[in-house]
Amino acid sequence: MRRAELWEPISENRVHCRLCRQYCVIPDGETGLCGVRENRGGVLHSLVYGKVAALNLDPVEKKPLYHFLPGSQTFSFGTAGCNFSCAFCQNETLSQTPRNGGGVPGRSASPEELVTAALRNQARSISYTYSEPTVFFEFMRDTAAEAQKAGLKNILVSNGFQSPACLEQLGPLIQAANIDLKAFTDKFYKELCGARLAPVLENLKTMRGMGWWLEITTLVIPGWNDSPEELGRIADFIGQELGRDTPWHVSRFHPQFRMATTPPTPVATLETALQAGKDAGLRFVYIGNVPGHDADNTYCRDCGARLLERVGFGVARNDVQDGKCGRCGVAVPGVWK
C-alpha cells in the first residue's frame, strides 16, 4: 500500500479522486469504483502499488499494435482493478475481483525489478495492460520512468478514461498506446461499461496531440455496436480526428462474463466494419480474433504490396525497410526501430 496521488481532501474525511473521469468521492474506509484506491482516515492510498497480478512476455502484436516495433517482444504486466465494469470483460477475474469483495491479488515487485526482468528477457518495451493501467497509475508512472532510462519503450493498453491531470503526467513517458473505442453511443458506455463516451473521444485527441503512436480497437458486439451506421461513425471519427493512418482493429466478440448468451460476431459484420473504414479513408483496418483472415496483414497504402504477413500473433514476413515499403519506397506510418 502506498499513498496515492491525484486526489484532494473534502469534508468529513472524504476524498475526491481525480485520477480518472469517474471522479469518485470516497468516504473514509471505502474504495473508489476501481476497488483499489482506498480512503484511510482522509488519505487516499493505492492498494496495488508494487503488486503485480499478471505478468507475461508477449508479442507486441497481442496488444494489439501492428505498426510499433513489429515482431518484437513486450514485457507486459497489470494489477487487479478497473474503473469500468464491462459486461463483456475478458479479464473479469483480474479487473472485477477487488470491487466484488475478492481482495487484491498480486505478488510484490518494484519498478526497478520489472525493468531488469524486461531487459533480461530481451524485450524492447514494457506494456501496462491486462486490467486498466490507469488504476495503478503511480506504479505505472514510476516503472515507465525507469524503463525510459534503460532505453525501453512504454506502451499503454487502456480504455482511455484518464483525467487530464493523469494524461499530463503520462505524456512524456508513453510512446505507444492501443485504446479501446468500444462504441459510439453513450447508451453502450453507460449500460455495458458504467462509463461515458465523450471523455474517451476527448482523451484520444489529447493522446494524438502528445505524439504517442496510437492504434484503436473496437470489439464488435452483436446487437450493441454492430450497425453499419455506428461502425461508420467510429471510422469517420478516427479518420477526421486522429488521422487516416491511425490503425483500427475491429475485433470479433466471443461470449464472455455477463454476456455469455450473446453470439459471436459474424465475420461478415467485421467485413462490414472493414469496408466502413475504407469508406472513411482509413488506410489500415485490421480484423482481429479471426485467425487466417487476410485483413490481419499490412499492405502498402500506395502500391498495395503485402508488407507484413501475420500468423497468429507472429510476423511471418516483414518487408518494411527503414520505415518504407520494400517494393515502392513509400513511407509506412509507424515506429519501426
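Residues numbered from 1 in each chain as written. Predicted model: local features only at pLDDT ≥ 70, side-chain atom pairs only at ≥ 80, totals over all residues. Heavy atoms only, no water.

(A) Representation of the overall build of the chain within the structure. Looking only at helices and strands, the chain has eight helices and 21 strands in total. The C-alpha radius of gyration computed for the chain amounts to 20 Å, which stays within 12% of the reference 20 Å derived for 337 residues, consistent with globular compactness. With respect to the principal axes defined by its C-alpha atoms, the chain has extents near 65 × 45 × 35 Å. In the chain, buried positions account for 56% of the 337 residues. Residue pairs at least 24 apart in sequence account for 65% of intrachain contacts in the chain once pairs closer than 6 positions are excluded. (Helix = DSSP H or I, 4+ residues; strand = E, 2+ residues; numbered from the N terminus. Rg over C-alpha atoms; globule rule 2.2 N^0.38 Å. Buried < 20%, exposed > 50% of the residue type's maximum accessible area, 1.4 Å probe, protein only. Contact = heavy atoms within 4.5 Å.)

(B) Inspection of the pairing of strand 6 (residues 43-46) at higher detail. Examined bridge by bridge, strand 1 (residues 2-3) and strand 6 share two bridges and lie antiparallel to one another. The residue of strand 6 that forms the bridge with arginine 2 is serine 46. Direction of pairing for strand 5 (residues 37-40) relative to strand 6: antiparallel, over a ladder of four bridges. Within strand 6, the position partnered with glutamate 38 by the bridge is histidine 45. Between strand 5 and strand 6, which pair antiparallel one after the other, the connecting turn spans two residues, and glycine 41 there sits at a positive phi close to 65°. (Pairing = 2+ DSSP bridges.)

(C) A look at the sheet that holds strand 2 (residues 7-9). Overall, antiparallel pairing links the three strands, which are arranged 2-3-4 in an open sheet. Of all the strands in the sheet, just strand 2 and strand 4 (25-26) have a single pairing partner and so form its edges. Pairing between strand 2 and strand 3 (residues 15-17): three bridges, direction antiparallel. Bridge pairing links tryptophan 7 to cysteine 17 in strand 3.

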